[in-house]
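# Structural description and commentary
Listed below, chain by chain, are the residues.
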Amino acid sequence: MAHTTHGIGGLTYDPAKKARPPELNVFIALILIVVAFEAIGRLFLNDSFLFNTRDNVDAIFNWARLNIIILQVSIIGIIAVGVTQVIITGGIDLSSGSVVGATAMIAMSFAQTAVVNGNPNPKAIFGDWAMDLPVIVPVMVGLGCGLAAGLVNGVLIAYTRIPPFIATLGMMVFARGLSRWWSNGNPISFPTEGYAAIGKGMMPVFIFVLLAILFHLILNYTVYGKHTYAIGSNEDAARMSGIKVDRHKLLVYSIAGCLAAVAAIVLSSKNLTAQAGMGIMYELDAIAMAVIGGISLKGGRGSILGTVLGALIFGVIISGFTFVKLDAYYQEMVKGMIIVGAVVLDQWRQRRSTERT
Amino acid sequence: MSELKLHDMGDIVLETRDLTKHYGGVHALEGANFILRKGEHVAIMGDNGAGKSTFVRQITAVEQRTRGEVIFDGHAVNFAGPLEAREAGIETVFQNLALADDLDVPSNLFLGREKVLFNLGPFSILDRKAMREATMRGLEKTGVKIPNILNTIRNMSGGQRQCVAIARTAAFHSKLTIMDEPTAALGVQETAQVENIIRTLKKQGEPLILISHNMRQVFDLMDRIVVFRRGRICANLNVAETNPEDVVAYITGAKTGAEYADVA
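Predicted model, so just to flag it, every value in this text is computed and none were measured.

What counts and what doesn't
- Residues numbered from 1 in each chain as written.
- Chains lettered and ligands numbered in written order.
- Predicted model: local features only at pLDDT ≥ 70, side-chain atom pairs only at ≥ 80, totals over all residues.
- Heavy atoms only, no water.
- Helix = DSSP H or I, 4+ residues; strand = E, 2+ residues; numbered from the N terminus.
- Rg over C-alpha atoms; globule rule 2.2 N^0.38 Å.
- Buried < 20%, exposed > 50% of the residue type's maximum accessible area, 1.4 Å probe, protein only.
- Pairing = 2+ DSSP bridges.
- Axes fitted to C-alpha atoms, helices over the stretch in contact; angles between N-to-C directions.
- Contact = heavy atoms within 4.5 Å.
- pLDDT = per-residue confidence, 0-100.
- Salt bridge = Lys/Arg side-chain N within 4 Å of Asp/Glu carboxyl O.

### Let's talk about the overall build of chain B
- A count of helices and strands for chain B gives 8 helices and 12 strands.
- In summary, chain B has a C-alpha radius of gyration of 19 Å against a globular reference of 18 Å for 264 residues, a match within 12%.
- Considered along the principal axes of its C-alpha atoms, chain B spans approximately 60 × 40 × 35 Å.
- By the burial criterion, 55% of the 264 residues in chain B qualify as buried.

### Some words on the sheet that holds strand E3 (residues 41-46) of chain B
All names here are of chain B.
- Strand order across the open sheet formed by 6 strands is E6-E9-E10-E3-E11-E12, with mixed pairing between neighbours. Both edges of this open sheet fall to strand E6 (90-93) and strand E12 (232-238), since each of them pairs with a single strand only. If you compare each strand with its neighbour and ignore which way they point, the axes differ by 20° on average.
- In the sheet, E3 pairs with strand E11 (residues 224-229) via 5 bridges, with the strands oriented parallel. Across the sheet, isoleucine 44 pairs through a bridge with valine 226, a residue of E11.
- Sheet strands in contact with helix H1 (residues 52-59) are E3, E6, strand E9 (176-180), strand E10 (208-211) and E11, and its direction is about 135° off that of E3.

### So, the confidence of the model for chain A
- When pLDDT is averaged along chain A, the result is 87, and 92% of the positions lie at 70 or above.
- For residues 1-12 of chain A, every residue scores under 50 in pLDDT, and the model assigns this stretch 33 contacts once sequence neighbours within four places are set aside.

### Some points on the confidence of the model for chain B
- Mean pLDDT over chain B stands at 85; residues scoring 70 or higher make up 91%.
- Within the model, the stretch residues 1-9 of chain B combines pLDDT values under 50 with 16 contacts to residues more than four positions away or in other chains.

### Remarks on the pattern of salt bridges
- Tallied over the full model, the rule gives 24 salt bridges over all chains.
- Arginine 57 of chain B is the partner of glutamate 63 of chain B in a salt bridge, and the nearest nitrogen-oxygen pair spans 2.8 Å.
- Residue classification places arginine 57 of chain B among the partly exposed positions, given a relative accessible area of 27%.
- Where arginine 216 of chain B meets aspartate 220 of chain B, a salt bridge forms, and the shortest distance between an N and an O atom there is 3.1 Å. Of the two residues, arginine 216 of chain B and aspartate 220 of chain B are both situated in helix H7 (residues 215-221); the distance of 4 residues between them amounts to about one turn of the helix.
- Aspartate 220 of chain B gets classed as partly exposed once you look at its relative accessible area, which sits at 46%.
- Here the residues in one salt-bridge network are Arg161, Glu235, Arg239, Asp246 and Lys249 of chain A, joined through shared partners.

### Remarks on the sheet that holds strand E4 (residues 67-72) of chain B
Residue and element names in this part refer to chain B.
- Reading across from one edge, E2-E1-E4-E5 is the order of the 4 strands in this open sheet, with antiparallel pairing throughout. The strands lining the two open edges of the sheet, one partner per strand, are strand E2 (26-37) and strand E5 (75-77). Averaged over all neighbouring strand pairs, the angle between strand axes comes to 25°, with direction disregarded.
- As paired strands, E4 and E5 are joined by 3 bridges and run antiparallel to one another. Among the inter-strand pairings, phenylalanine 72 is bridged to a residue of E5, identified as histidine 75.

Structural data, given as structure tokens:
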């Protein structure tokens, strides 16, 4: 079916004519940013951003830096996969970072080991009954927490018709409180070996990539994906067409909650501890990744692939700032500018596309 | 003039008996008796607020009627909502287009009733090829020209969008198409395009109800004109036996059909 023409007058289906995917622009931006840091490094720092400049000849690339970039975006990237779906429906989820914190605390308290270096676990939350449980228990508890948070968000938004911004803001504050109350502000540490294995080494990257591929396929090839885009594009039309919009939103927010829970489990496992304040502000980083990846905050447009590329850009910029020895304070300021800049760019792009017609 | 003919033509697709809708004290629609036969194209005309849209909303079950009967396809029907009406085969093209701008043509045609390969609940796998091919057939039936059906609706002209909305009816073999002022927002060329689709539907024997203010359009395309005035049907005219001046007289209330004299 390279080029088929049907019917009266140029009625065609021609895959070659399909518009350039928006992800391509994001990919080009990623490459340009990497090249820019490489150039700055070569010109001013006498160092390379991308390539190995050490004496061991085994490696061409600076794998240490690349690994850090990928690793640090992976956990927030998992959240971003959920946030992307929420934003495509035209909603927003401000609670995901705090849900990560609360979920990490609760899951970790069921993942503790009884004996640490021959002594009883100094950070024990529960009695012996909650010690050395099989790894499935904390994982299920964690997923349950995320699901519960997502369900509450979904019910508030879909059935009581509270704006997503307010509903998830409430959940954000609630989850922060919950994570402090859970252990009176104490950190929860010393997980079992099984739990610690979840986020070990490059596991977060592996889980992120797996989930990204899974949801990329779901959004592109299933009814769920089609309805997600339809609702964000024109909610009234979706309703009139028979899509159960409320039920679908409940599902989308629940999935986002579960993905936040996965991030919480991976994060607490990687850090071997959970503490109140963990994950706070991750939601903004996740939203930033989606926005950089070309999502429209009005809904209807965006993709997981875009968000993954957005996450990489995000990681490259943060790592690049460290590379050019920019202060952490500047980093936050620039992060803020990137988020706003990406939204401005999106609106400019939308205006241009409507003017063309 | 047409009272005698009411029962001597083909099968009846849609009939309403004493169809009535009150909004509190406002009698938006009062005792509408209406018949549509197979293959017939009927225009509904009337001033703003005459009850045209209210009439259509009762048939498509966007609202629940106060009183009366709707008989569709030989059965008395009582749709709970517009979806049930659609499922039964009544397809409505709304004035404000019910399209998702960010989706392509097949996705819009099949919105809410996607073809699937495997049924896995909400995660059912879409049968994209089947939907694409059905879209081609549907568009072919209407004779619509759309450069590339995989473009998003956003990038299409008003006429093309309207055509996509209309093509839904063709793609799903609906038993009755209702169009609520489909050309109100379109340019000359685009209007011609939509009118061509209506002609095609006529040739194919698909029944149609058209709400329109455009006298030329109605006289060009329709078989019959039903005029609403103050919530009541006040005339039922064969296009061949009437003229625009007459219709205007009915619309403004200067004249009332003989058989409706008692109610007006």
